[in-house]
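In case you want the letters, here they are:
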Amino acid sequence: MHTMGYYTSNAAYAYDMQAQPQFEQDPRPQRGSAPEGRPRFDVYTGEGLEANQAVSPVFTHVVKVFCVLMVLFCALGGVRVALASLTASSLDANARLSSKLEDARQQSSTLEVMKAVYGSDTRIRDLATATFGMVPCNEGVDLDLSGSSGHSPE
């Protein structure tokens, strides 16, 4: 099995594109020899965590503002839909109430006509004479209840 060093292999090109042939002089200072079979690690001071950030803080701020605006947009849309549905239900209730009121007015006028027809003096007189055989009274009748009738208690 053939083993190659990290700096001269294709893996070095794939990972960090800093492959250096083994025979070239390394421009970095030598700190000590690494044991055979293990790659050498060098520590350089730098920016720390900020150097490893793949996304800039401005971009994350823009994304956060965009998310807040989308939440506000959705909330306003929900409020708008709720107001529209409340308005529609209110208008529907008003239309039903108006229809019931119109029906009640029509029934009231029908009852007034029926009261005028059935309560007229002419209809009552015609009904009394035709159905019950009553005759109108032309003269008044006097009743004497004083007890002087033809009977006397004996």
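Quick caveat: nothing in here was measured; it's all calculated off a predicted structure. (Residues numbered from 1 in each chain as written. Predicted model: local features only at pLDDT ≥ 70, side-chain atom pairs only at ≥ 80, totals over all residues. Heavy atoms only, no water.)

Student: Please clarify how the overall build of the protein chain should be interpreted in this entry.
Tutor: Within the protein chain, the regular secondary structure consists of three helices and zero strands. Of the regular secondary structure in the protein chain, the N- to C-terminal order runs α-α-α. The buried share of the protein chain, taken over its 154 residues, is 4%. For the protein chain, restricting intrachain contacts to residue pairs at least 6 apart in sequence, the fraction spanning at least 24 positions comes to 3%. Accessible surface for the protein chain amounts to roughly 14,800 Å². Of this, 61% is attributable to carbon and sulfur atoms. (Helix = DSSP H or I, 4+ residues; strand = E, 2+ residues; numbered from the N terminus. Buried < 20%, exposed > 50% of the residue type's maximum accessible area, 1.4 Å probe, protein only. Contact = heavy atoms within 4.5 Å. Areas by Shrake-Rupley, 256 points an atom, 1.4 Å probe, with all protein chains shown as cover.)

Student: Honestly, a nonpolar patch on the surface in this entry has me stumped. Any pointers?
Tutor: On the surface, a nonpolar cluster with roughly 480 Å² of combined accessible area is contributed by Leu111, Val113, Met114, Val117 and Tyr118. Mapped onto the fold, tyrosine 118 is located in helix H2 (residues 57-118). (Patch = residues over 30% accessible without salt bridge, like charges linked within 9 Å, V, L, I, M, F, W, Y side chains within 5 Å. Salt bridge = Lys/Arg side-chain N within 4 Å of Asp/Glu carboxyl O.)

Student: Looking at this structure, I do not really get the confidence of the model for the protein chain. What am I missing?
Tutor: Note that predicted coordinates carrying low pLDDT should not be read in detail. Considering every residue of the protein chain, the mean pLDDT works out to 79; 67% of them sit at 70 or more. The secondary-structure element of the protein chain with the lowest mean pLDDT is helix H1 (residues 10-15), recorded at 58, while H2 shows the highest, at 96. (pLDDT = per-residue confidence, 0-100.)

Student: Is there a simple way to think about the environment of isoleucine 124 in this case?
Tutor: Position of isoleucine 124 relative to the elements: it lies in helix H3 (residues 121-131). Isoleucine 124 sits in the partly exposed class, given a relative accessible area of 45%.

Student: Which parts of the structure should I look at to understand the pattern of salt bridges?
Tutor: Two side chains of opposite charge can pair, provided their charged atoms sit close to one another. The full count for this structure, using the stated rule, is one salt bridge. In this structure, the salt-bridge partner of aspartate 92 is arginine 96, at a minimum N-O distance of 3.9 Å. Taken together, the residues aspartate 92 and arginine 96, both in helix H2 and four residues apart, mark about one turn of the helix.

Student: Just checking my understanding: could you explain the environment of serine 89 for this structure?
Tutor: Among the secondary structure elements, serine 89 is positioned in helix H2. Serine 89 sits in the partly exposed class, given a relative accessible area of 39%. Within polar-contact distance, the side chain of serine 89 engages the backbone oxygen of leucine 86 at 2.9 Å. (Polar contact = N/O pair within 3.5 Å; in protein donor to acceptor, adjacent residues only side chain to side chain.)

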